[in-house]
Amino acid sequence: MANTTTPAGGGIGVYIDFAILAEHDGIADNVKNLAVSGGSWAVTWGPAWTLTDSNLAYAAEFTPTGATAPTIAAVVIRGTDAKVDPLGLLAQAAEDLRSLEQVTIPWSSDSSAAVSTGSIKAFGDITTMTSKGAMVGKNLSDYLTTVAGKVPQIVVTGHSLGGAMTTLVSLWGQSTFASVLGSTVLQPVTFAAPGIGNQAFIDLYQSTFSGNVAFANSLDIVPLIWASPSAIPGLYTAYGLSTPSLVTGYLSQIQKWMTDNGVTYVQQSQNLTPLTGSFVQESGILAWADEVLAQHVATNYAALLANAGYTVPTTPF
């Protein structure tokens, strides 16, 4: 059970709400209208997005009531969004599925820390796209320059693909802004993040951020997809729902390819909090796919966090 004392800014529950808001229009207004005691949040950079809308990010800052300066800056990275245009969906699929190749992260002195090529592509987009889709404007690096060393805490957070990108962006931010962070603490918070790197990568991430925060629904396949694909076919067996043969065949091929080519993915073990999933019992020909989606969506994570005792503000819809 979570501590029921709500931290400044609203704590974990606010960050899953931020992930939900990233999937809707009117982000700035919706963030402003979040009911958080002790102060208020406001979008201060973005939203920024790619031309295909395959990636989106924004930053919000929390200012306590009566204060003149913010105490928390949160960088929110959107996950895979099924509502984007078809070209955007294709681009996201490419990022999610380009996991059969790995490359080393370019800013690290550890030449063995590697992540998927799709993750590097998404990272490149997230760190270069500019506020409000403008061709010229402030990118994420420009924004972080304005807050590093000036606020007590910078939170990087996201759900699904956004959670995976949180691990990569956090490492980049810690390395790139090390000389100006000063007393500012960079804090990663992830939800439903798949493993996107090898053992050396996750070791580097966990040693750099020993206080990282991560959540995974016990019935969500996404945190398992690359690091533990063999666990997926039996995930819903106890509930009488079999994994389609097409999916099991695909997973077998992925496992064989990775084994033959020496490619491995590792899910973090440090600070990973399991959330007990509740089976939805979907029906019909698409029951398995519908169950997967129901277990994975950010709104379900918000409900599971609330069930676990976290304070989750009501989203303003």
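Just so you know, the residues in each chain are numbered from 1, in the order the chain's sequence is written. Residues qualify for local features only when their pLDDT is at least 70, as the model is predicted, and side-chain atom pairs are given and counted only at 80 or more; totals for whole chains, interfaces and linings, by contrast, use all residues. Excluding hydrogens and water, the side-chain figures rest on all heavy atoms present in the structure.

**Some remarks on the sheet that holds strand S6 (residues 153-159)**
We apply this condition: Two strands pair under a simple rule: DSSP has to find at least two bridges between them. Only DSSP runs of H or I covering at least 4 residues are called helices, and only runs of E covering at least 2 are called strands; the numbering of each starts at the N terminus. Axis geometry follows a simple rule: fit a line to the C-alpha atoms, using only the stretch in contact for helices, then measure angles between N-to-C directions, giving values from 0 to 180 degrees.
The sheet built from 7 strands is open, its strands ordered S1-S2-S3-S6-S7-S8-S9 with mixed pairing. The open sheet has two edge strands with one neighbour each: strand S1 (39-49) and strand S9 (272-275). Put simply, the sheet's adjacent strands are angled 20° from each other on average, direction ignored.

**Regarding the pairing of strand S3 (residues 72-77)**
Quick reminder of the rule: Working definition: with a 1.4 Å probe on protein chains only, accessible area under 20% of the residue-type maximum means buried, over 50% means exposed, and in between means partly exposed.
Of all 6 residues that make up S3, 6 are buried, and the element is covered over most of its length. By the alternation rule, side chains of S3 split into Ile-72, Ala-74 and Val-76 and Ala-73, Val-75 and Ile-77, which are all buried. With 6 bridges connecting them, strand S2 (residues 56-64) and S3 associate as antiparallel partners. In the sheet register, Ala-60 faces S3, and the bridge partner there is Ala-74. As defined by bridge partners, S3 adjoins S6 across 6 bridges and the pair is classed as parallel. Across the sheet, residue Val-75 finds its bridge partner in S6, namely Val-156.

**With respect to the packing of helix H4 (residues 117-128) against helix H6 (residues 161-176)**
When two helices pack together, their arrangement is given by the angle between the helix axes and by the axis-to-axis distance. How we decide: Throughout, the term roughly parallel applies to angles under 35 degrees, roughly antiparallel to angles over 145, roughly perpendicular to angles from 65 to 115, and oblique to all others. Helix crossings are classified by the rotation of the near helix relative to the far one: an anticlockwise turn of less than a right angle makes the crossing left-handed, while a clockwise turn makes it right-handed. The criterion used for residue contact is that any of the two residues' heavy atoms lie within 4.5 Å.
Put simply, H4 and H6 touch, their axes get as near as 10 Å, and they point 60° apart. As far as their axial angle goes, H6 and H4 are oblique. Seen from above, H4 lies across H6 with right-handed handedness. Counting all contacts with H4, which are made through Ser-119, Ile-120, Ala-122, Phe-123, Ile-126 and Thr-127, the residues of H6 involved are Met-165, Leu-168, Val-169 and Trp-172.

**Some remarks on the packing of aromatic side chains**
The line we're drawing: Each pair of aromatic rings taken from Phe, Tyr and Trp, with Trp reduced to its six-membered ring, is defined by centres within 6.5 Å and is described as stacked if the planes are under 30 degrees apart, edge-to-face if over 60, and tilted in the remaining cases.
Enumeration according to the criterion identifies 15 aromatic pairs in this entry. Seen from their ring centres, Trp-172 and Phe-177 are 5.7 Å apart, and the 85° between their planes marks the pair as edge-to-face. Phe-177 sits in the buried class, given a relative accessible area of 7%. On the basis of an interplanar angle of 55° and a centroid distance of 5.6 Å, the ring pair of Tyr-205 and Phe-209 is categorised as tilted. Exposure class is identical for Tyr-205 and Phe-209. Each is buried. A connected cluster of aromatic rings, assembled from ring pairs, spans Tyr-15, Phe-18, Trp-41, Tyr-58 and Phe-62.

**Focus on the environment of Gly-262**
By the element assignment, Gly-262 lies in the loop between helix H9 (245-261) and S9. Spatially, the C-alpha atoms of Gly-262 and Leu-100 are 9.9 Å apart, while their sequence positions differ by 162 residues.

**Observations concerning the nonpolar core**
Note the threshold: In this text, buried Ala, Val, Leu, Ile, Met, Phe, Trp, Tyr and Cys residues form a nonpolar core when linked through side-chain atoms within 4.5 Å.
Formed by 40 residues in total, the largest nonpolar core has its most connected members in Leu-140, Tyr-143, Leu-144, Met-165 and Leu-168. At the level of elements, S1, S2, S3, H4, helix H5 (140-147), S6, H6 and helix H8 (199-208) are the ones that each hand at least two residues to this core. Element by element, the count of residues in this core is highest for H6, at 7 residues. Other than its neighbours up to four places away in sequence, Leu-144 contacts Val-75, Ile-154, Trp-172 and Phe-177. Formed by 32 residues, the second largest nonpolar core is a distinct cluster that contains Phe-18, Ile-20, Val-76 and Leu-305.

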